[in-house]
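Listed below are the residues making up each chain.
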Amino acid sequence: MLGSMRRWLILAVMILLMGWAGGQVLPDLLRPGQDRSATDAVIEQVEPDLAGKPVAAQRGAAVAEDPPPSVRPVLPAAPTSTTRATDTPASPSDQRPRTASQALRDLRRQLTEAAQLGRAAQAGDAAAQAERDRRRAAEPDPRVRAALGEGVVPDLGRWRPSAPSLPSAAAPAPVGEVKAYWLTPGENGDGTYESAIQVDEQGRATIETVYEPTEGVRWRVRYNAWAYRDGDGNTVIDARGQEVDVIERPPWGWWSPDSMVVKPDGLVDLIDDKHDPGQGTTGARGPG
C-alpha cells in the first residue's frame, strides 16, 4: 500500500512539474499575431532610415515607404552587340561630306594655330622655328603657309555661311598666268568673258575679268584669290568672299567674285558667291 501510494505521489509530482513548465512555454507559443510555422522564427531588425528614426522590419510586417540606404537597384547589363558594324569604323564613303561652312571653320582654326606657331618662331624660339620651317616645306595650302611665315591669319575675305564648296588643297599651284574664256549657261548668252589669272610663288592669285556684252557697256573687274592644286591635279582658284575692284562698269549692278577649277585638259568650271555657275576653257573663246 505504501509502495503504491509512493508511486502515485511521484507521478503526481511529475505531473505538477510538467504543468508548471508548460505554463511558461505555451503562452509565448500561443501569443496572437505571431507566425509560428515549423520553418520560421521570430526575426526583428532595426535599421535607421534617412531621417535617423528606427524602422522595424520583421516577417509579416508592413513594408516601409523608403528602402534602407544600403539598398540599391541593380540594372541589367547592356546587351553586347555581335554585329561587325559596331566593331569597325564607318568607311569614308559612309560619312557625310563636310559643308563649305564647316570646311571654312576648320581652315580658320588651322590658320589660328599656324599663326601662333609663326609668332613664336618670330620671337626667337628655336624649336618653333624648326617646326615652322618643316611645316612650311610640306604644307600644300598657301593660306596656311602664309600664316606660318607671317604670324597672322591671312585674309579669307568676307565670311559667307552659304559659300560654295571647293576642293581642299593637296599641292601648290603652278606659278604663272592662265587665261580662261567662258560663258554663263542659259539661253541669254549675250556676251563673253575673259579672265586672266596670275599666280605667284606664295600661292596668291590676282584675277582680272573683262565681260563684253553684245550690246552696252563692258565690265572690267579685278580681285584677289588663293591658288592651289587639289587631289585630282586641278588648279583651284579660291576667290570666295573677296572684295571686287570694279574698273569699268555700266551704271547698274555689281560683281560677285568667281572661283574656278581649272582641269588638266583645259576645261574650267566656275562658281561665284551667289552659286551662279559658268563653264569655259583655257584654249579658246567660248566653252570648250
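Since this is a predicted model, take the numbers as computed values, not measurements.

Undergrad: Quick question: what am I supposed to make of the pairing of strand β11 (residues 267–272) here?
TA: Where strand β10 (residues 258–262) meets β11, five bridges bridge the pair, whose relative direction is antiparallel. Bridge pairing in β11 links Ser259 to Ile271. Hairpin connection of β10 to β11: four residues between the antiparallel strands, including Gly266 at a positive phi of 95 degrees. Bridge count for β11 against strand β12 (residues 277–281) is five bridges, and the pairing is antiparallel. When the bridges of β12 are listed, Leu267 appears paired with Thr281. The antiparallel hairpin formed by β11 and β12 contains four residues in its connecting segment, where His275 sits at a positive phi of about 70 degrees.

Undergrad: What is the right way to read the packing of helix α2 (residues 100–122) against helix α4 (residues 142–150) from this model?
TA: Helix-helix packing is characterised by the crossing angle of the two axes and by the distance between the axes. With their axes 6 Å apart at the nearest point, α2 and α4 run at an angle of 30 degrees to one another. Compared by their axis directions, α2 and α4 come out roughly parallel. Like other packed secondary-structure pairs, α2 and α4 cross with a definite hand, here right-handed. Two secondary-structure elements touch here, α2 through Leu107, Gln110, Leu111, Ala114, Ala115, Leu117, Gly118 and Gln122 and α4 through Arg143, Val144, Ala147, Leu148, Gly149 and Glu150. When grouped by side-chain class, the residues that make up the contact of α2 with α4 number eight nonpolar, four polar and two charged.

About the criteria used
- Residues numbered from 1 in each chain as written.
- Predicted model: local features only at pLDDT ≥ 70, side-chain atom pairs only at ≥ 80, totals over all residues.
- Heavy atoms only, no water.
- Pairing = 2+ DSSP bridges.
- Helix = DSSP H or I, 4+ residues; strand = E, 2+ residues; numbered from the N terminus.
- Axes fitted to C-alpha atoms, helices over the stretch in contact; angles between N-to-C directions.
- Parallel < 35°, antiparallel > 145°, perpendicular 65-115°, else oblique.
- Left-handed = near helix turned anticlockwise from the far one by under 90°.
- Contact = heavy atoms within 4.5 Å.
- Nonpolar A, V, L, I, M, F, W, Y, C, P; charged D, E, K, R; others polar.

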